[in-house]
Amino acid sequence: MKIKKQMTVKAPGGNASGGATIADRFKIEPAANKSSSGGASSTAAKVAFFAGFLALCAVGGLAWFAYQHAEFFKSVMDK
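Residues numbered from 1 in each chain as written. Predicted model: local features only at pLDDT ≥ 70, side-chain atom pairs only at ≥ 80, totals over all residues. Heavy atoms only, no water.

K.L.:
Describe the overall build of the protein, with residues and values.
P.N.:
Looking only at helices and strands, the protein features two helices and two strands. For the protein, the α and β elements follow one another from N to C terminus as β-α-β-α. Looking at the protein as a whole, 3% of its 79 residues are labelled buried. Accessible surface, the protein: about 7500 Å² in total, of which carbon and sulfur atoms supply 67%. (Helix = DSSP H or I, 4+ residues; strand = E, 2+ residues; numbered from the N terminus. Buried < 20%, exposed > 50% of the residue type's maximum accessible area, 1.4 Å probe, protein only. Areas by Shrake-Rupley, 256 points an atom, 1.4 Å probe, with all protein chains shown as cover.)

Below, the structure written as structure tokens:
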């Protein structure tokens, strides 16, 4: 992306600070050559899916570990 800085023009209303033209100074041009469709690549999608699967397994393992820990303390406290 290129930021196009336009020349400043004084407002006809006599606004010396140029308040209305500040937003016009920084306009983003559309990309000239769009080689991709704009979506995520298939490799990035596979990596994200695999990372999500590993995170889900880790959360499941921690939940199982917490349950076993609670069951152990429940049996110890009953004695």
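This is not the end of the story, as more comes after the structure.
K.L.:
Explain the packing of aromatic side chains to me, and be specific about the residues and the numbers.
P.N.:
The full count for this structure, using the stated rule, is one aromatic pair. A ring pair is formed by Phe-72 and Phe-73, whose centres lie 5.6 Å apart and whose planes are at 65°; its orientation type is edge-to-face. Judged by relative accessible area, Phe-73 falls into the partly exposed class, the value being 40%. (Phe/Tyr/Trp six-rings, centres within 6.5 Å; stacked < 30°, edge-to-face > 60°.)

K.L.:
Explain the pattern of salt bridges to me, and be specific about the residues and the numbers.
P.N.:
Scanning the model with the defined rule gives one salt bridge in all. A salt bridge links Lys-74 to Glu-71, with the shortest nitrogen-to-oxygen separation between them at 3.6 Å. Residue Lys-74 and its partner Glu-71 are located together in helix α2 (residues 42–78), separated by three residues, close to a single helical turn. Look at Glu-71 and you get partly exposed, because its relative accessible area is 31%. (Salt bridge = Lys/Arg side-chain N within 4 Å of Asp/Glu carboxyl O.)

K.L.:
A description of a nonpolar patch on the surface should follow, citing residues and the corresponding values.
P.N.:
The grouping of Ile-3, Phe-26 and Ile-28 at the surface amounts to a nonpolar patch, some 360 Å² of accessible area in total. Mapped onto the elements, Phe-26 comes out in strand β2 (residues 26–28). (Patch = residues over 30% accessible without salt bridge, like charges linked within 9 Å, V, L, I, M, F, W, Y side chains within 5 Å.)

K.L.:
Got a sec to walk through the confidence of the model for the protein? Specific residues and values, please.
P.N.:
Taken as a whole, the protein shows an average pLDDT of 78; of its residues, 65% reach a score of 70 or greater. Here helix α1 (residues 22–25) stands out as the least confident element of the protein, with mean pLDDT 67; α2 is the most confident, with 94. (pLDDT = per-residue confidence, 0-100.)

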